[in-house]
Amino acid sequence: MIDTFRHIQHQLDETPHLLRLGRLFSETVLIEVDGAEFYLTFEKGHIVSVVEGPSRKTPWRFALRTDAEALAKFWRPRPAPGFHDIFGLVKIGRGRVDGDILSLVKNLRFFKEVLSLARATTEPTA
Amino acid sequence: MSIEPITGRYLTVTVEGAPRRIYFEEAGQGRPVLCLHTAGADTRQWRHLMNDAEVTAAHRLIAFDMPWHGKSLPPEGFETQEYLLTTDAYIETVLAVIDGLGLDRPILAGCSMGGRIALQLAALHPGKFSGFIAIEASDFQPAWYDIDWFHRPDAHGGEMGAALVSANISPHAPDVERWNTLWMFMQSGPGVFRGDLSFYTRDDSLIPRLSSIDTAKTPVHIIVGAYDLTCTPEDAARTARAIPGATLAVMDELGHFPMSEHPAGFRPFFVDALERMPQQVPAPV
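Quick notes on the rules
- Residues numbered from 1 in each chain as written.
- Chains lettered and ligands numbered in written order.
- Predicted model: local features only at pLDDT ≥ 70, side-chain atom pairs only at ≥ 80, totals over all residues.
- Heavy atoms only, no water.
- Helix = DSSP H or I, 4+ residues; strand = E, 2+ residues; numbered from the N terminus.
- Buried < 20%, exposed > 50% of the residue type's maximum accessible area, 1.4 Å probe, protein only.
- Phe/Tyr/Trp six-rings, centres within 6.5 Å; stacked < 30°, edge-to-face > 60°.
- Pairing = 2+ DSSP bridges.
- Axes fitted to C-alpha atoms, helices over the stretch in contact; angles between N-to-C directions.
- Contact = heavy atoms within 4.5 Å.

1. With respect to unusual backbone geometry
- For the bond from Gly53 of chain A to Pro54 of chain A, the omega torsion is 5°, close enough to zero to count as cis.
- With respect to the helices, strands and loops of the structure, Pro54 of chain A is situated in the loop between strand E3 (46-52) and strand E4 (62-66).
- Of note, the phi angle at Glu16 of chain B is positive, near 50°, even though the residue is not glycine.
- The residue Glu16 of chain B is located in the loop between strand E1 (7-15) and strand E2 (18-27) in this model.
- We classify Glu16 of chain B as exposed; its relative accessible area is 52%.
- Phi at Ser112 of chain B is positive, roughly 60°, even though this residue is not glycine.

2. Looking at the packing of aromatic side chains
Residues and elements named next belong to chain A.
- For the coordinates displayed, the defined rule picks out 19 aromatic pairs over all chains.
- Judged by centre distance (5.7 Å) and plane angle (70°), the ring pair of Phe42 and Phe110 falls under edge-to-face. Of the two residues, Phe42 is situated in strand E2 (residues 36-43) and Phe110 in helix H6 (residues 108-115); the sequence distance between them amounts to 68 residues. You'll find Phe42 and Phe110 in the same group, each marked buried.

3. Structural notes on the sheet that holds E2 of chain A
Residues and elements named next belong to chain A.
- With mixed pairing, five strands are arranged side by side in an open sheet as E3-E2-E1-E4-E5. Lying at the two open borders of the sheet, with one neighbouring strand each, are E3 and strand E5 (95-99). Sheet twist, expressed as the mean angle between neighbouring strand axes with direction ignored, is 20°.
- Pairing of E4 with E5, which is carried by five bridges, proceeds in the antiparallel orientation. Across the sheet, residue Phe62 finds its bridge partner in E5, namely Gly99.
- Contacting strand E1 (28-33), E2 and E3, helix H1 (residues 2-13) crosses the sheet at an angle of about 170° to E3.
- Where H6 meets the sheet, it contacts E1, E2, E3 and E4, and its direction lies at approximately 45° from that of E1.

Shown next as structure tokens:
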């Protein structure tokens, strides 16, 4: 999973419109996957570190808690209903958003598109 | 170069005792179909169907921007008002437009909050219409978000609103129409999306009225997209069950703004809905 977040980190550096959208975003976000913690620290739109937890010392602004299967479905080219958006995951009971929700909403397009950078462009072959 | 067949004009009507200058567009000839946009948007959501020559060959499609939306101005004194749409004002506006344009019992096609008010009108003013196409429409939807997010001095309500409603757009939608759909939300006036959502997420007065709708006189057809998180297929099905004789179609690859986000995907469902409506305006009751 950490490799996927590092892939997102590198993809973000290659995506000028997201760096522009996120230029005021300097926060740490917790992504929790099946209980495993991943801290993504943003600095002016760039992800400057991806650190795996657990950690009780790392402050974070908001968190997305979900499971690996849900994220795998989220990252399909055309996700099934509910798996197509982080609020879809919340709605179908496969995700939870905690913390400073307003910070998330103010940067919602940026965060959703950053998370979608791991989305496959073609369906994997069986 | 191309010039579209859609024409736009302005109509001034009285709503809540004061004038409202309302922008409306139309295309086609035949059975009138009055089309209502969603919260936080405007008539541009309907432009694909209005440009569809096969649809407009037998139908006069008319759409208008609600006051505060699109090219319809807010009322005089808006600068000190808090915009909060109500069921009564919404109904009064739709009926005023029908009377102002001299429409004889149009089919009413509304999406989201437009679908909600279509069902209210089916219950309360059926004699003004010949049938109802309620898209992404349900009895009641409490908010799964805080509507106050969308009107605050330290952030852009339109951009936040667009980012939120993008959750309701299908991944099958063409990118260009996804973003054209979101652009309308980005352009929405300050507090307008919030004021629409106040109506949509707080007024549950439709629930006890559903069973009184007489679909033998005015058919009700509900259409819902599987990717709609706000009005889910389950919400629409529950609503259809509460209306004796109502019919329901589920669109597997569409979301909350089907006519706007995925025009080609929505078209067959809308054509089917039109075919379910009375083929001629019924005689006056």
